[in-house]
Amino acid sequence: MVDNACPSRLVVIGGGFVGLHAAVHAARKGIEVTIVDISDDIVRRINSGKKDALHVREPYVLENWDRVKERIHATTSYSEAGKAKAFIVAVQTPRRGDIIDYSPLLSVARSLAPYLRPGSLIASEVTIYPGGTMELLARPLSELTGYRLDEELLVAHVPERINAGSRKWTPENIPRVVGGVGPRSLEAAVRLYRDCLGAPVYPVKDIRVAEASKLLENSFRLLNISFLNELKRSFDKMGLDIREVVRAASTKPFGFMPFYPGPYAGGACLPKDAFMLETKTGSLLLRIARYINETQPLYYAALLLRKIRAYNAEKILFYGLGFKPNSPYPVESPVLRVIEELKQLDPSLEIKRYDPLIPALSDFSSEREAIDWADLVVRWGYKDRAINAKLVELEDL
């Protein structure tokens, strides 16, 4: 039988957005957490103990940091993994052009194997194609350790679910889908997430169901947003406000779910996960949706250029650079994509950027300096801030 006791120590492999949430969640439950990450900078930021130094700027992490930081330690060495028997894998599988790089997951298997003991549980939260956890993590670990899967070596997949910026939905209450390579792995993972970490769980008998569920969640969003983006192009020609149409349809209390158009359905997950599912299934709908999504920044740049010329503006300030409004993360940012398209449409424009949450990408050190420079401000989020300048809301184009 699976050991019923909750672990006193947990190793989280990957200290980024997903991994740090997992670490804080476990530490809140009194578990000592070791984070293993290849980045010296991330390790240094975590070990500093300073909230302001953290690279993840999320309410759940920041608001709990002072109460959990003494139970969290980061390192670049896997050697400390030998002190634990429970592991959460939270590394990235980034998209690089027309391929997805799965090498980080394979690297985890090679690096972790020497430190595993019989009975170890490895729960992967890495978004992956159906069958990927077995192919890239479970089998390599079994071959490297000599441990039999679902006997001495327990492996599960628990796709991450984090609602960026939310205080309502956190690791404490977001339901988690749990799949294992076998019944003992499933039992152990359910026990860890439900009984030890206190999360609602939905166990599935086939690990591939857990893997596919994550791809479906994000592909569903991309499909629907792309559909609205396609409709927006037609409705704009008709003089119809697509948002008004959606709000009207939303009065139906059943059979409808509102989505809204935008310059790009970005972030680190949606385009990549839809691409992963399309690659594995050959879905024509996903291919079309991704094409619409990839061309949407050009459409918004063209709309914006009309506004710029109507204002006779030459100095254009983009205020807000996140992947969604008010986000501190610029990965796959629609704003940055619109900027690049706008530069191609009119190279004569002076374009600068400002975001108080993303100083590394800002061309100004203060909001006042940025706004004083601009002929026209293109804002993405931050609608609570009064801006005394000619203003275009990128969301409302």
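These numbers come from a predicted model, not from an experiment. (Residues numbered from 1 in each chain as written. Predicted model: local features only at pLDDT ≥ 70, side-chain atom pairs only at ≥ 80, totals over all residues. Heavy atoms only, no water.)

S.K.: Would you explain the pattern of salt bridges in this entry?
M.R.: Pairing is possible between side chains that carry opposite charge, provided their charged atoms lie close to one another. With the rule as written, the count across this model stands at 29 salt bridges. Two residues, Arg247 and Glu244, come together in a salt bridge whose shortest N-O distance is 2.7 Å. Of the two residues, Arg247 and Glu244 both sit in helix 8 (residues 242-249), three residues apart, roughly one turn of that helix. Within this structure, Glu187, Arg191, Arg194 and Asp195 form a network of salt bridges that share partners. (Salt bridge = Lys/Arg side-chain N within 4 Å of Asp/Glu carboxyl O. Helix = DSSP H or I, 4+ residues; strand = E, 2+ residues; numbered from the N terminus.)

S.K.: Just to check I follow, could you spell out unusual backbone geometry for this structure?
M.R.: Most peptide bonds take the trans configuration, and most residues that are not glycine carry a negative phi. For Asn326, which is not glycine, the phi torsion reads 70° and is therefore positive. We note that Glu332 has phi near 55°; this positive angle belongs to a residue other than glycine. The topology assignment puts Glu332 in the loop between strand 11 (315-319) and helix 11 (334-345). On the accessibility criterion, Glu332 (30% relative accessible area) is partly exposed. (Buried < 20%, exposed > 50% of the residue type's maximum accessible area, 1.4 Å probe, protein only.)

S.K.: So what exactly am I meant to see when it comes to a nonpolar patch on the surface here?
M.R.: On the surface, a nonpolar cluster with roughly 310 Å² of combined accessible area is contributed by Leu216, Phe220 and Met257. Turning to its location among the elements, Met257 is positioned in the loop between helix 8 and helix 9 (270-281). (Patch = residues over 30% accessible without salt bridge, like charges linked within 9 Å, V, L, I, M, F, W, Y side chains within 5 Å. Areas by Shrake-Rupley, 256 points an atom, 1.4 Å probe, with all protein chains shown as cover.)

S.K.: I tried to follow the environment of Lys324 on my own but got confused; where do I start?
M.R.: Along the chain, Lys324 falls in the loop between strand 11 and helix 11. Ignoring any residue separated from it by four or fewer positions in sequence, one finds Lys324 in contact with Asn163, Ala164 and Trp380. (Contact = heavy atoms within 4.5 Å.)

S.K.: Is there a simple way to think about the packing of aromatic side chains in this case?
M.R.: Each aromatic ring pair is specified by the distance between its two centres and by the angle formed by the two planes. Inspection of every chain in the model, using the stated rule, returns seven aromatic pairs. Summarising the aromatic geometry, the rings of Phe220 and Phe259 are spaced 5.7 Å apart at their centres and angled 70° between planes, so their arrangement reads as edge-to-face. Placement of Phe220 in helix 7 (residues 207-238) and of Phe259 in the loop between helix 8 and helix 9 is noted, with a sequence separation of 39 residues between them. The class of Phe259 is buried, set by a relative accessible area of 7%. Between Tyr299 and Tyr300, the ring centres sit 6.4 Å apart and the planes meet at 75°, which makes this aromatic pair edge-to-face. This pair shows no difference in class: Tyr299 is buried, exactly as Tyr300 is. By way of ring pairs, the aromatic residues Tyr319, Tyr354 and Tyr382 are connected into one cluster. Across the ring face of Phe275, the terminal group of Arg95 is positioned such that the distance to the ring centre comes to 4.2 Å. Here the guanidinium or amino end of Lys280 rests over the ring plane of Tyr129, the centre of that ring lying 4.1 Å away. (Phe/Tyr/Trp six-rings, centres within 6.5 Å; stacked < 30°, edge-to-face > 60°. Lys NZ or Arg CZ within 6 Å of the ring centre and 35° of its normal.)

S.K.: Is there a simple way to think about the packing of helix 7 against helix 8 in this case?
M.R.: The angle between the axes and the distance between the axes are what describe a pair of packed helices. Look at helix 7 against helix 8: their axes get within 9 Å of each other, and the N-to-C directions meet at 120°. Judged by the angle between their axes, helix 7 and helix 8 are oblique. Counted together, Leu228, Leu231, Lys232 and Phe235 of helix 7 and Ile242, Arg243, Val245 and Val246 of helix 8 form the full contact between these two elements. In terms of residue class, the contact of helix 7 with helix 8 is built from six nonpolar, no polar and two charged. (Axes fitted to C-alpha atoms, helices over the stretch in contact; angles between N-to-C directions. Parallel < 35°, antiparallel > 145°, perpendicular 65-115°, else oblique. Nonpolar A, V, L, I, M, F, W, Y, C, P; charged D, E, K, R; others polar.)

S.K.: Would you mind going over the pairing of strand 4 (residues 86-89) with me for this structure?
M.R.: Both faces of the sheet carry side chains from a regular strand, because those side chains alternate between them. The alternating pattern of strand 4 places Ala86 and Ile88 on one face and Phe87 and Val89 on the opposite face, and all of these are buried. Where strand 1 (residues 9-13) and strand 4 come together, three bridges link them in parallel fashion. Bridge pairing in strand 4 links Ile13 to Val89. Where strand 4 meets strand 7 (residues 120-124), four bridges bridge the pair, whose relative direction is parallel. Directly across from Ala86, in strand 7, lies its bridge partner Leu121. (Pairing = 2+ DSSP bridges.)

S.K.: What am I meant to see in the sheet that holds strand 14 (residues 391-393) here?
M.R.: The strands making up a sheet are joined through hydrogen bonds of the backbone, oriented either antiparallel or parallel. Taking strand neighbours across the sheet as the criterion, the four strands line up as 12-11-13-14 in an open arrangement whose pairing is parallel. The open sheet has two edge strands with one neighbour each: strand 12 (350-354) and strand 14. Put simply, the sheet's adjacent strands are angled 20° from each other on average, direction ignored. Across the face of the sheet, helix 11 comes into contact with strand 11 and strand 12 while running at roughly 170° to strand 12.

Nothing here speaks to function; it is geometry throughout.
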